[in-house]
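# A closer look at the structure
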Amino acid sequence: MLKFVFWLLAGVNLLVLAIGQGYLGSFRTETREPARLKNQLQAGKLTLLTQEQATAPAAPPAAEEAEKPVAAVPAPPTTYACTEVGNFLLADGRRFEAQVAALDLGDRQSRRNVAGQDISSYMVYIPPQGSKEGADRKAGELKQLGVTNYFIMNESSPLRWGISLGVFKSESGAQSQLASLNKQGVHSARIAPRYSASKQLAYQFRDLDAATRTRLEKIKAQFPEQDLRNCK
């Protein structure tokens, strides 16, 4: 009986020893890292990380596609709604009109009449004396100085009770007369321009682009006495 127990215990010990040495295979999955990696699918593509790599913050995910640059919107071309040039006397207006015809603006070009005043002559005169009696008295003084060519302006004149000493087409002619009167002792005489109503011309141009506006300015430069301005 004792021999049976002895050999039974010896057999159990041998069995445990064989299992421990792996002679009979393993009854549990190996948990050590090299063996576990062998059991992974596509284990050759796996990479072991160092501690620094494992604890480093994750990089932000790359954008699926780079942002496309926004195309610059071209600025709208500059236009001039209304440009006016003038005011021309009739002869100059006709010359200006002939030159701007090359711009071929069609119905974008128009002309309008402008009321104006031109200097028609120059008058040498003595200012109003306040009354007919005062004008007569001044006329007597002129006679004493040898001046006989004069005219007392009556009630219909803006220079009522003044005395006209001559009307001249040019300013230089009036200046010569004034100098002559000064030599005769007349020192109160003056020179004033005389105006007459005239018709002047102004030209309007609409919806001009920058290039056409520049060409118009070059034409206008040949008429330096005229203005180029914006209009409505």
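Okay, so let's go over this structure.

Here the idea is simple: oppositely charged side chains can pair when their charged atoms come close. Scanning the model with the defined rule gives eight salt bridges in all. As a salt-bridge pair, Asp92 and Arg95 come within 3.1 Å of each other at their nearest N and O atoms. With a gap of three residues between them, Asp92 and Arg95 both fall in helix H4 (residues 90-100), about one helical turn apart. Arg111 is paired through a salt bridge with Glu97; the nearest N and O atoms lie 3.1 Å apart. Placement of the pair is Arg111 in strand E2 (residues 109-126) and Glu97 in helix H4, with a sequence separation of 14 residues. It is possible to trace a salt-bridge network through shared partners that takes in Glu84, Arg112 and Arg229.

Roughly 210 Å³ of volume is contained in the largest pocket. The wall of the largest pocket is formed by Met123, Phe151, Met153, Asn154, Ser156, Ser157, Pro158, Leu159, Ser164 and Arg194.

With that settled, the discussion passes to H4. Of the positions making up H4, those classed as buried are Gly93, Phe96 and Val100. Here the buried residues of H4 occupy an arc of 65 degrees about the axis, which is enough to place them on one side. For H4, exposure combined with an orientation more than 90 degrees from the buried face picks out Ala91 and Ala98. Buried residues in H4 make contact with strand E1 (79-88), E2, strand E5 (190-209) and helix H7 (210-220).

The subject of this paragraph is the state of the cysteines. By the definition in use, this model includes one disulfide. Linked covalently through their sulfurs, Cys82 and Cys231 form a disulfide whose S-S length is 1.8 Å. In this structure the cystine formed by Cys82 and Cys231 twists about its S-S bond by roughly -85 degrees; its chirality is therefore left-handed. In this pair, Cys82 sits in strand E1 while Cys231 sits in the segment after strand E6 (227-230), placing the two residues 149 residues apart along the sequence.

With that settled, the discussion passes to the packing of aromatic side chains. Evaluation of the coordinates by the stated rule reveals six aromatic pairs. A ring pair is formed by Phe96 and Phe223, whose centres lie 5.7 Å apart and whose planes are at 85 degrees; its orientation type is edge-to-face. Of this pair, Phe96 sits in helix H4 while Phe223 sits in the loop between H7 and E6, and the two are 127 residues apart along the sequence. With relative accessibility at 0%, the residue Phe223 sits in the buried group. Following the ring pairs from residue to residue traces out a cluster consisting of Phe88, Phe96, Tyr203, Phe205 and Phe223.

Relative to strand E4 (residues 163-168), E2 runs antiparallel, the two sharing five bridges. Along E4, the bridge assignment pairs Tyr125 with Ser164. Of the strand pairs in this sheet, strand E3 (residues 151-152) and E4 are connected by two bridges, and their pairing is antiparallel. Residue pairing in the sheet places Phe151 in a bridge with Ser164 of E4.

Strand order in the open sheet formed by six strands is E3-E4-E2-E5-E1-E6, with antiparallel pairing between adjacent strands. For this open sheet the edge positions go to E3 and E6, each flanked by a neighbour on one side alone. Here H7 sits on the sheet in contact with E1, E5 and E6, set at roughly 160 degrees to E5.

Take the packing of H4 against H7 next. Relative to each other, H4 and H7 sit at 150 degrees, their axes nearing to 10 Å. As H4 runs across H7, the sense of the crossing is right-handed. Contacts between H4 and H7 pair Phe96, Gln99 and Val100 from the former with Leu216, Ile219 and Lys220 from the latter. A class-by-class count of the residues in the contact of H4 with H7 yields four nonpolar, one polar and one charged.

Calculation rules
- Residues numbered from 1 in each chain as written.
- Predicted model: local features only at pLDDT ≥ 70, side-chain atom pairs only at ≥ 80, totals over all residues.
- Heavy atoms only, no water.
- Salt bridge = Lys/Arg side-chain N within 4 Å of Asp/Glu carboxyl O.
- Helix = DSSP H or I, 4+ residues; strand = E, 2+ residues; numbered from the N terminus.
- 1 Å grid on protein atoms, 1.4 Å probe; cavity = no way out; pocket = protein on both sides within 12 Å on 5 of 7 lines; lining within 4 Å.
- Points joined across faces, edges and corners; volume = space filled by probe spheres on them.
- Buried < 20%, exposed > 50% of the residue type's maximum accessible area, 1.4 Å probe, protein only.
- Arc of directions from axis to C-beta.
- Contact = heavy atoms within 4.5 Å.
- Disulfide = S-S within 2.5 Å.
- Phe/Tyr/Trp six-rings, centres within 6.5 Å; stacked < 30°, edge-to-face > 60°.
- Pairing = 2+ DSSP bridges.
- Axes fitted to C-alpha atoms, helices over the stretch in contact; angles between N-to-C directions.
- Left-handed = near helix turned anticlockwise from the far one by under 90°.
- Nonpolar A, V, L, I, M, F, W, Y, C, P; charged D, E, K, R; others polar.

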